[in-house]
Amino acid sequence: MSSPLRHAVSAARHVRRTAVRVRRRTQESQTVPVVAGGIRRRPGLRPLHWSVVGGRTLNFAVAVPAGSVSTARLVLACGADRVQVPLEPEPQPDGTVLLTATVPLRHADHAESGARGSVLGDGLWRAALVLTDPAGRSCRTAVKAAAARLPSPGDPTLDHCPSPADGATFRVVRSLDDFALLKVRGPRPHAELVSLDTLWDRVTVHGRLVGSVPAADAAAQAVPRRGPRRPVTVRPDWQGDRFTFDLPLAAMRAAPGRAQAWDLYLRTGRTRLKIARKLTDVRRLRQVHRSAFRLVALADGALVRVHARITAGGAAVVDCADHPSAACSPEAPQ
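In this text, all values refer to a predicted model and were calculated from it rather than measured experimentally. (Residues numbered from 1 in each chain as written. Predicted model: local features only at pLDDT ≥ 70, side-chain atom pairs only at ≥ 80, totals over all residues. Heavy atoms only, no water.)

Draft legend 1. Representation of the overall build of the chain. From N to C terminus, the chain includes three helices and 23 strands. Out of the 334 residues belonging to the chain, those deemed buried represent 40%. Once local pairs closer than 6 in sequence are excluded, the contacts in the chain between residues at least 24 apart make up 63%. (Helix = DSSP H or I, 4+ residues; strand = E, 2+ residues; numbered from the N terminus. Buried < 20%, exposed > 50% of the residue type's maximum accessible area, 1.4 Å probe, protein only. Contact = heavy atoms within 4.5 Å.)

Below is the structure:
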């Protein structure tokens, strides 16, 4: 075998082994140690599509023979709780009928009164179909897990993410015996970053508290990542669960050419929550949310070089350093 052909065969084998390994790891990450079908094997229909889009919208589609079903509904069950979702028939060119549903999801502990969509609590929710034929006879069948979707390196969004509405996580998983499950987990308390606004005379942080209630003594802190500097505290303005504060840049300055990095936190009592952007499905935050270095003029006329940015993990970080020009005239920054 010639050398180029040998290298080509070796590369093909490596690609095949990598694909098998990625498929296995994806299936393992989507499988929970639960037997949803019981001890006895149960028949079930395998959906063509079964996903949660944007962290809060359930999409479901299953194909049935034309004329076999007059009405259908998807039933989600967790313990004694039941949630029923009606399915809409969509005739297909191949003679089948596609039963579909698109419904918003809400967490039971954080759902607003009168909110549209299905309200689910924490736990593993089993999926089943209740089908009624034209003669009025009903049958119930389990829902098999949909085919695992392999991640693509070029995907700009994550396969699953928290709901941007309430921070809860609705994740499609499968049981050990290959049945469909929906794993629901309530939001963990954190301070969600909404925006970092850099103006010519200030940097303003906008955020909201998720999964908790604002405390009367809540304060914002800028904590240095390294060095002997002490944390700087400021009181935010609250409107419900939303907070706003200006960074104390005068106390965050560093020597020219030696920028000091500061992490932003929200502190209530002994609890310290990092201000970060977590309720997003963006895969590469640092590439999408880019920011430039800006010069900010302080009240005493000094110039501070500021870089307010979002890290790859979503954390809000501010780099501060004095500008080489020690001061500027009051008329300069207009």
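Draft legend 2. Quick look at the pattern of salt bridges. Taken as a whole, this structure holds nine salt bridges when the rule is applied. Across the salt bridge formed by Asp263 and Arg225, the nearest N and O atoms sit 3.1 Å from each other. Of the two residues, Asp263 sits in strand β19 (residues 260-268) while Arg225 sits in the loop between β15 (219-224) and β16 (232-234), which places them 38 residues apart along the sequence. Relative accessible area serves as the criterion here: at 8%, Asp263 is assigned to the buried category. Across the salt bridge formed by Asp319 and Arg309, the nearest N and O atoms sit 2.8 Å from each other. (Salt bridge = Lys/Arg side-chain N within 4 Å of Asp/Glu carboxyl O.)

Draft legend 3. Seen up close, the nonpolar core. Residues Trp50, Leu74, Leu76, Leu120 and Leu182 are the most contacted members of the largest nonpolar core, which totals 30 residues. Put simply, the parts of the chain that give this core at least two residues each are β2 (49-53), β3 (57-65), β4 (71-78), β5 (81-86), β7 (96-107), β9 (123-132) and β12 (180-185). When sequence neighbours within four positions are dropped, the list of residues in contact with Leu76 reads Trp50, Leu58, Asp81, Arg82, Val83, Leu120, Trp125, Arg126, Ala127 and Leu182. In this structure, Phe243, Met252, Val304 and Ala308 belong to the second largest nonpolar core, which totals 28 residues. (Core = buried A, V, L, I, M, F, W, Y, C linked by side-chain atoms within 4.5 Å.)

Draft legend 4. Up close: the confidence of the model for the chain. With 81% of its residues at a pLDDT of at least 70, the chain reaches an overall mean of 84. The model gives residues 326-334 a pLDDT under 50, and that stretch makes nine contacts with residues more than four places away or in other chains. (pLDDT = per-residue confidence, 0-100.)

Draft legend 5. Representation of the side chain of Asp133 within the structure. Structurally, Asp133 can be placed in the loop between β9 and β10 (138-143). Residue Asp133 is classed as buried on the basis of its relative accessible area of 16%. There is a polar contact of 2.7 Å between the side chain of Asp133 and the backbone nitrogen of Arg137. (Polar contact = N/O pair within 3.5 Å; in protein donor to acceptor, adjacent residues only side chain to side chain.)

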